[in-house]
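Next come the chains, spelled out residue by residue.
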Amino acid sequence: MSLEEPEPESAALSREGYESLLDAAETYREALVVRCCGEVGLRPAELADVTPGAIDRVRTDPPRYLLRLSDSRVAYLPTSLERELRRYVRSNGISSDEPVFSVSARRLQMLVAEVAERAGERFDEPTLASVSTEDLRRYFLETALTDHGINPLVVKRVGGWSSFEALEPYLSSATDDEIVEEFAAAEANPNRDSGGERTASDGSVVRSLLTASDRCALVRLDSDGYVDRWNRSAESTFGYSAGDIVGTHVSALYADEAIERGLPGRALTRALEEASYEDDDWFVREDGSRFRAVAVVTPLRDDRHRSRGFALLVCDVSQHHERLEEVRSDREDLERTSDVAARYRALTDALLEATSHEEVETATCTVLADGRTYDAAWIDRTTHSDRRGEWRTAGGLDADEVDRLVPDEWGEPRSSARNRHPNGTDVSESDDPGTGIAEATGTGAVAVATGIEATVADGSFAGRVAAVPVWYGDTVYGRLTVATERAAAFDETERAWLETIGRQVGYAVAAIRRRNLLLSDRVVELEFVCRDEDSFFVETSRRFDCRVELDSLVPLSDSTQLYYVRLEGVSPADVFERAEAVPGIDDCRLIETYEDACRLEFVVEGASPTLTLTEYGVTVREARFEEGAGTIVAECAADADIRTIVAGLRSAFPDSELAGKRETERPVQTGREFREGLEERLTDRQEAALRAAYSGGYYDWPRESTAEEIADAMGVSSPTLHSHLRKGQRELLRTFFDDPADE
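What counts as what
Chains are numbered independently. Their residues run from 1 in the order of the written sequence. Two thresholds apply to this predicted model, a pLDDT of at least 70 for residue-level local features and 80 or more for giving and counting side-chain atom pairs, whereas whole-chain, interface and lining totals are computed over all residues. For side-chain calculations, the full set of non-hydrogen atoms in the structure is used, while hydrogens and water are omitted. Within this scheme a cavity is a closed region of a 1 Å grid, computed over the protein atoms alone, that accommodates a 1.4 Å probe without allowing it to escape, whereas a pocket is open but has protein on both sides within 12 Å along at least five of seven lines; lining residues each have an atom within 4 Å of a point. Grid points are joined across faces, edges and corners, and a volume is the space filled by probe spheres set on the points. Only DSSP runs of H or I covering at least 4 residues are called helices, and only runs of E covering at least 2 are called strands; the numbering of each starts at the N terminus. Only Asp, Glu, Lys and Arg are considered charged in this grouping, and only Ala, Val, Leu, Ile, Met, Phe, Trp, Tyr, Cys and Pro are considered nonpolar; every other residue, Gly among them, is considered polar. At least two bridges found by DSSP between two strands is the condition for calling them paired. Between the N-to-C directions of two axes lies an angle of 0 to 180 degrees, each axis being a line fitted to C-alpha atoms and, for a helix, fitted only over the stretch in contact. Contact criterion: two residues are considered in contact whenever any of their non-hydrogen atoms come within 4.5 Å of each other. Under the scheme applied here, a residue whose accessible area is under 20% of the maximum for its type counts as buried, over 50% as exposed, and between as partly exposed, the area being computed with a 1.4 Å probe on protein chains only. In this text, buried Ala, Val, Leu, Ile, Met, Phe, Trp, Tyr and Cys residues form a nonpolar core when linked through side-chain atoms within 4.5 Å. Confidence of the predictor at the level of single residues is given by pLDDT, which spans 0 to 100.

### Overview of the layout of surface pockets
Space inside the second largest pocket adds up to approximately 880 Å³. Lining the second largest pocket are 37 residues, with E82, R86, R90, E274 and S276 positioned closest to its centre. For the lining of the second largest pocket, the secondary structure elements donating two or more residues are β1 (55-59), α4 (79-91), α9 (202-212), α13 (263-274), β6 (277-284), β7 (290-301) and β8 (307-316). Tallying contributions element by element places α4 first for the lining of the second largest pocket, with seven residues. Classifying every residue of the lining of the second largest pocket by side-chain character gives 16 nonpolar, eight polar and 13 charged.

### Quick notes on the sheet that holds strand β2 (residues 64-68)
One open sheet accounts for three strands, arranged β1-β2-β3; its pairing is antiparallel. Across the chains shown, the open sheet's two edge strands, defined by having one partner strand only, are β1 and β3 (74-77). Adjacent strand axes in the sheet meet at a mean angle of 35°, parallel and antiparallel pairs treated alike. Relative to β3, β2 is paired through four bridges, and the arrangement is antiparallel. Bridging from a neighbouring strand, L66 pairs with Y76 of β3. Contacts from α4 reach β1, β2 and β3, with the element oriented near 95° to β3.

### As for empty space enclosed by the protein
Summary: where empty space remains is shown by rolling a probe the size of a single water molecule over the atoms. This structure, assessed with the given rule, holds three cavities of 30 Å³ or more. The calculated volume of the largest cavity comes to roughly 50 Å³. If you trace the largest cavity, you find it lined by Y254, L263, A267, Y277, D279, D280, D281, F283, A295 and V297. Contributing elements (two or more residues each) for the lining of the largest cavity: α13, β6 and β7. It is β6 that provides the largest number of residues to the lining of the largest cavity, a total of five residues. Tallied by class, residues from the lining of the largest cavity come to seven nonpolar, no polar and three charged.

### Focus on the environment of E274
Looking at where E274 falls in the secondary structure, it is placed in helix α13. Taking relative accessible area as the criterion, E274 reaches 29% and is therefore assigned partly exposed. Along the primary structure E274 and T298 are separated by 24 residues, whereas in three dimensions their C-alpha atoms are 9.1 Å apart.

### Describing the nonpolar core
Within the largest apolar cluster, 66 residues are counted, with the highest numbers of intra-cluster contacts made by F537 and F602. Excluding residues within four positions of it along the chain, F537 makes contact with V548, Y563, V565, F602, V604 and F625. Counting residues in hydrophobic clusters, the runner-up holds 37 residues, among them V33, L77, L81 and Y139.

### Description of the confidence of the model for the chain
On average, residues of the chain score 79 in pLDDT, and 82% of them are at 70 or above. Confidence scores differ between elements of the chain, with α9 showing the lowest mean pLDDT of 49 and helix α17 (residues 536-544) the highest of 93. Across residues 1-9, confidence stays below pLDDT 50; counting only partners more than four residues off in sequence or on other chains, it has 15 contacts. Note on residues 412-443: pLDDT under 50 across the span, and 67 contacts to partners over four residues away in sequence or across chains.

See the structure below:
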């Protein structure tokens, strides 16, 4: 059986069936093959010979296409299918003279059969499984003649049928009702309106729309790219009259940068090669104003396919371009915020892994300079006591280049015998890199400087820098500075990020100092002498000529400590009266009185020498204040930076000094030694009472036994049991909290 003749038993393919075939296509190529058969009417052999060069754009407004398969064979190509074919050709890199489907006609028949079988199974429709390429041609024929009412002469030519007899097997005989309906419609629609005038054609509608719009222009060019025709739509868009612009090359309509890129000539060449060319760029009006537009260039050809010039459609899309730029700007802001958040998360992970102050600083600078947000980051430690700064670490640039990016108003580190300025020069004593920044203790205020220009190893830098204190509690460990060339850097949100980072890094430094002290086998015992009048206990001993000795120190929060002290030589009432006038003393009360002394409790909120030392990772062991001087004995890890600790204390209390230091081994008490020492302190009745209460569930919650039940079991009264328990518990706590060396 020939491909020209349909199989008699095949059923007509419905619109729903055709859609089911397209849904069953699993690849882009399968869908295109089905559409070329069902919407163009191509045979498999013709489909195998289709090339991109066979696509001919025969009308510009609106675009219409023919598929020239040979000198005598022409098929109509729907616009939507032309776009899909072009996309397939571009994505697969198919040249103009290469077959679009580089397989045999037999393989194309099999491909359609595979899609049909898949559709029959997927949609449970057995009739779909037997659909062939010939059935798709029949669907094309019936759709063209019946649904769209296309002239049979046209259908015969575009379908490649040699005679009308070849069409008869595809068509059913017209019924009486169908004959009446067709001619009745013709009588009711004679293609004239009520006034006897012809209805408007598509071309006239398009021209009317172009004339009414000042955003689209349709220009005709000759084969060399010179303006040949200029209508009112072009005049409205560009401002030129026809007499001023006709005969001028099309490049006069483009902006200078587009001309420099050779866009006008390239657009004409690409249009000839690809049947059309579309791009968006900047154009210029007669008055010199610029606007963004989408331009479509299409070659015009005669009946013999010879080039007769070009059609240029220019649509002003300035509003859409501005909106797009706004969206891009918003996206850049979101990307920056995302990168800042990513840097913050990475910094958090790095700080958790750091084991020393130096590792914290290195990780901070490296992580912040490792993204797109900041070009460089560095930390300098600053001490207020001797006006000396030290550039410790930097990321994104060498440490000796840091000073080139520091604003003049922020000052520079002072040189000394051990620490000179990074550029090798001396700096005046009044300069202080912490001015206005590190002095903002506890606030984390961010300082921003713009208009920074400098030359560094990687090239020139032009941007802005921001600095924030690295602090914890009342202690400033240094200054973190970041630099970036982003024009919109350091808005309110980003400054809030930096403030958080400053606190986080400071907290990490303090935590590491304390951890190192707890884990260190050897410690350094430091003795400080403080005569600073800002210390409450120093000034109290000077004013009342009394003695204050620290019994115990309990930290309540980052800035609050609970002092238990022994007071000698003055009435507690006098000390309480002075404490009421000191803002740093939140509360005080009398705990116990002795023959020549008393025991007091103070809630100290704010700066104090012991708090400052604690923030630097130092453990205060003893403190006594008399005759206007305080002697504080403390311990720190053997590898601690003692000079930084001393400088930190003097930054808050300048009239302080390190009086002595010695390295010792930390006393270690084994569990056995602890129990043996406790047994020596407890009486037999106290130990028995504690053991009975513990075993009887008295200390559980909820309690399994009451004190009365424990007392009955031991054969003692309840007050006696409570007396044994309280004394035993006190000995337990004293053994745990007191220093074994004191025994």
